[in-house]
Amino acid sequence: MKINCFIPYESPLQARRTVRNLQATGCVARICLLATQAVEPLDGCEMLQVDSLSSTSTVRLVARHADSPYALIYMKYTPLEWRPYALERLLRIAGDSDAALLYADHCQWRNGQQVLCPLIDYRSGSLRDDFDFGPVLLYRSEVLKTVAEGMDADYCFAGLYDLRLRASRLGGIFHVNEFLYTGVEEDARASGEKQFDYVNPKNAEAQKEMEAACTAHLKAVGAYLEPVEEELDFAAGGFACEASVIIPVRNRVATIGDAVRSALSQQADFNYNVIVIDNHSTDGTAELLEGFRSDDRLIHLVPSCADLGIGGCWNMGIHHPACGKFAVQLDSDDLYNDEYALQTIVDAFYEQKCGMIVGSYRMTDFEKNEIPPGLIAHREWTQENGHNNLLRVNGLGAPRAFYTPLLRDLNFPDVSYGEDYAVGLAMSRCHRIGRIYDAVYLCRRWAGNSDACLDIAGVNRHNAYKDMLRTLELEARIALNHRRKA
């Protein structure tokens, strides 16, 4: 079997190596170069002029020129090298699986070294527009053409994302767990730097398109939810105080003192306490907390078991008899923006009558100096569609606060990553999520942050877990819509 290949083109120097490697496989019938301006083609290649690599018009153009059983789309300008017989192997798997789209593990040249880049399996809830397929996508041409014919929106940025979502409704998306090719890493930033790209204001137009494409997909699969209209009256009584600041901690002796002082210094017209769940620290954290014993608002808890995750610690805090009507997050290495943050959060509950409040935070270094990207306000959230868009993005923002009776019904999964996202997804299904767009929280970045510099295994583990959460939520929303229609 021979296929068509579509690769981006800037110059003969840039493209020639990739073209030669593809031609050498013996599996290629045609190579089409995607260029954003009129240029002379390379020998043996066709030139297709496009407006961008990710637009709907480019998808349609590629589909028109895909006259072989499969179409390979390469998405980087850097050289691509195939291992011996690897493309042939990918095509064999494509025929055996009959998948709509295939992608494979690969290697990268990074700082002069070749490193492995394993990927994760695609699920129905893998709705992130930045899901990592690697730079090589192999589409069944029949699916590609069908999708292109049915595209009813013209995107500048979300064309390929729209293509992938639509293809997933026509056939499987298959992950080949084999290292088939080698590329060059272009983005060498640490994981902690990359995770905020989607809230960068310069990406706002692209994000709006991604949201539109995802929302259309949710409607197509029956998972779209209308805006939540119910308002809460917070009538539940019997709470020891109005609010509790919840701080899970393990081995944060360098920061926990600052966090506790930030919480205890809040000025509010209601009673509150601070519940610290010390998850068996061994670095002096427990001893440092003893220094706050003179303030009876501080409740220092130690779980009976030593293997709880952050979610399990949260559950211990919210089910404690001293927990207030509202449970408010503070991470053990962060601070409130000022002494009125807690008042602002509780006031927002009564003003917006919602089950959960999400604030905004400012990124700083350890000395509280602002660092890029500065204010993280998650303005992509709207009351009209935020609960649907939440299935596309990787988080809600911070700090998070909850109406405790609702939270006690849900509980957190006992994990140390994504526990807040799980609760936010479930909460947003049936309850309004309120927002504060001014900074109420300082998120300090330092070497001790759990997500500051993850290796590929850690990134994959986190992404796979959140994809699982999204898959569960997708199915729950489809089932909810079925019940509502019954």
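Just above, that's the structure.
Predicted, not measured: the structure shown is a model, and the values here were computed from it.

Let us look at the packing of aromatic side chains. Considering all chains together, one arrives at 17 aromatic pairs under this definition. Between Phe 234 and Tyr 350, the aromatic rings sit 5.3 Å apart at their centres with planes inclined by 70 degrees, giving edge-to-face as the arrangement. Linking Phe 234 in the loop between helix H7 (204-221) and strand E10 (243-249) with Tyr 350 in helix H11 (residues 341-352), this pair joins segments that are 116 residues apart in sequence. By relative accessible area, which is 5% here, Phe 234 ends up buried. Ring centres of Phe 402 and Phe 412 lie 5.8 Å apart, and the angle between their planes is 90 degrees; this geometry places the pair in the edge-to-face category. Taken as a pair, Phe 402 in strand E17 (residues 400-403) and Phe 412 in the loop between helix H13 (404-410) and helix H14 (419-430) lie far apart in primary sequence, 10 residues in all.

Another point: the nonpolar core. Among the nonpolar cores identified, the biggest contains 117 residues, and Leu 144, Val 260 and Val 274 are the most heavily contacted of them. Examining the composition of this core, we find that six residues originate from one element, H11, more than from any other. The next biggest cluster of nonpolar side chains, apart from the first, holds 33 residues, and it includes Leu 80, Leu 91, Leu 102 and Leu 138.

Let us now look at the environment of Leu 474. Along the chain, Leu 474 turns up in helix H15 (residues 456-485). On the accessibility criterion, Leu 474 (4% relative accessible area) is buried. The sequence separation of Leu 474 and Leu 218 amounts to 256 residues, and the corresponding C-alpha distance is 8.4 Å. With residues up to four places along the chain from it excluded, the contact list for Leu 474 reads Ser 124, Gly 125, Leu 127, Leu 218, Val 221, Ala 223 and Leu 391.

On to the pairing of strand E15 (residues 356-364), then. The buried fraction of E15 is high, at eight of nine residues. Here E15 pairs with E17 via three bridges, running antiparallel. By the bridge assignment, Met 356 is partnered in E17 with Phe 402. The pairing of E15 with strand E18 (residues 433-444) spans eight bridges and is classified as parallel. Each bridged residue has a counterpart across the sheet, and for Tyr 361 the counterpart in E18 is Tyr 441.

Thresholds applied
Residues numbered from 1 in each chain as written. Predicted model: local features only at pLDDT ≥ 70, side-chain atom pairs only at ≥ 80, totals over all residues. Heavy atoms only, no water. Phe/Tyr/Trp six-rings, centres within 6.5 Å; stacked < 30°, edge-to-face > 60°. Helix = DSSP H or I, 4+ residues; strand = E, 2+ residues; numbered from the N terminus. Buried < 20%, exposed > 50% of the residue type's maximum accessible area, 1.4 Å probe, protein only. Core = buried A, V, L, I, M, F, W, Y, C linked by side-chain atoms within 4.5 Å. Contact = heavy atoms within 4.5 Å. Pairing = 2+ DSSP bridges.

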